[in-house]
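Here are the chains, one letter per residue:
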Amino acid sequence: MHKASFAKNTTRWNNLATTVEMYAEELPHLQRDRVELVDALAAAQEAKHRQLVLRSAAAQATRDQEAAMERAAQAAARIHSGVVSTYGTRSEMLGKFGLRPWRPRKRRRNREETSETS
């Protein structure tokens, strides 16, 4: 495959096909290849169009997914708040809903207390 861009290649090949057609009397042996080139260019342009449509559809699907995820996150936050308001912040029932109950931290001993007891 040629490394130039799609637009450069198609423009160059369209010009080539047009020029070969203009000199059809002098180049009859190339007419079959010209027809194949024109057909291949039409197929390539149609595929490029499909690619652009699908890329657009994929971008829209991504936006739709992001919007749905945001709605889901908001609904989950409301449910979490409702569960916490129903059972309280310290209830072990919160664990069943994927939430952690609030547990007070155990007090650490000060260094002075630990050195006096040693």
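Residues numbered from 1 in each chain as written. Predicted model: local features only at pLDDT ≥ 70, side-chain atom pairs only at ≥ 80, totals over all residues. Heavy atoms only, no water.

## Focus: the overall build of the protein chain
Each helix and strand counted, the protein chain has three helices and zero strands in total. Listing the helices and strands of the protein chain from first to last along the sequence gives α-α-α. Over its C-alpha atoms the protein chain spans a radius of gyration of 35 Å, topping by over 25% the 13 Å that the globule rule assigns to 118 residues. In terms of principal-axis extent, the alpha carbons of the protein chain reach across some 110 × 40 × 15 Å. Across the 118 residues of the protein chain, 11% fall into the buried class. Summarising the internal contacts of the protein chain: among those between residues at least 6 apart in sequence, 21% fall at separations of at least 24. With an accessible surface of roughly 10500 Å², the protein chain has 55% of that area assigned to carbon and sulfur atoms. (Helix = DSSP H or I, 4+ residues; strand = E, 2+ residues; numbered from the N terminus. Rg over C-alpha atoms; globule rule 2.2 N^0.38 Å. Buried < 20%, exposed > 50% of the residue type's maximum accessible area, 1.4 Å probe, protein only. Contact = heavy atoms within 4.5 Å. Areas by Shrake-Rupley, 256 points an atom, 1.4 Å probe, with all protein chains shown as cover.)

## Examining the packing of aromatic side chains
Counting across every chain of the model gives one aromatic pair. Its guanidinium or amino end placed over the ring of Phe-6, Lys-48 lies 5.2 Å from that ring's centre, counting from NZ or CZ. (Phe/Tyr/Trp six-rings, centres within 6.5 Å; stacked < 30°, edge-to-face > 60°. Lys NZ or Arg CZ within 6 Å of the ring centre and 35° of its normal.)

## Notes on the pattern of salt bridges
Two side chains with opposite charge may pair up if their charged atoms get near one another. Counted according to the given criterion, the structure contains two salt bridges. With its nearest N and O atoms 2.6 Å apart, the salt bridge here joins Glu-46 to Arg-50. Of the two residues, Glu-46 and Arg-50 both sit in helix H2 (residues 31-87), four residues apart, roughly one turn of that helix. Taking the relative accessible area as the measure of exposure, Glu-46 reaches 40% and is therefore partly exposed. Overall, the relative accessible area of 45% leaves Arg-50 in the partly exposed class. The residue Arg-103 makes a salt bridge to Glu-92 at a minimum N-O spacing of 3.0 Å. With a gap of 11 residues between them, Arg-103 in the loop between H2 and helix H3 (111-117) and Glu-92 in the loop between H2 and H3 connect regions that are remote in the sequence. Looking at Arg-103, the relative accessible area reads 52%, which means it is exposed. (Salt bridge = Lys/Arg side-chain N within 4 Å of Asp/Glu carboxyl O.)

## Overview of the environment of Arg-34
Position of Arg-34 relative to the elements: it lies in helix H2. The spacing of Arg-34 and Leu-16 is 18 residues in sequence and 8.4 Å in space, taken between C-alpha atoms.

## Digging into the environment of Pro-101
With respect to the helices, strands and loops of the structure, Pro-101 is situated in the loop between H2 and H3. For the pair Pro-101 and Glu-26, spaced 75 residues apart in the sequence, the C-alpha separation amounts to 88 Å. When sequence neighbours within four positions are dropped, the list of residues in contact with Pro-101 reads Thr-89, Arg-90, Ser-91, Glu-92 and Leu-94.

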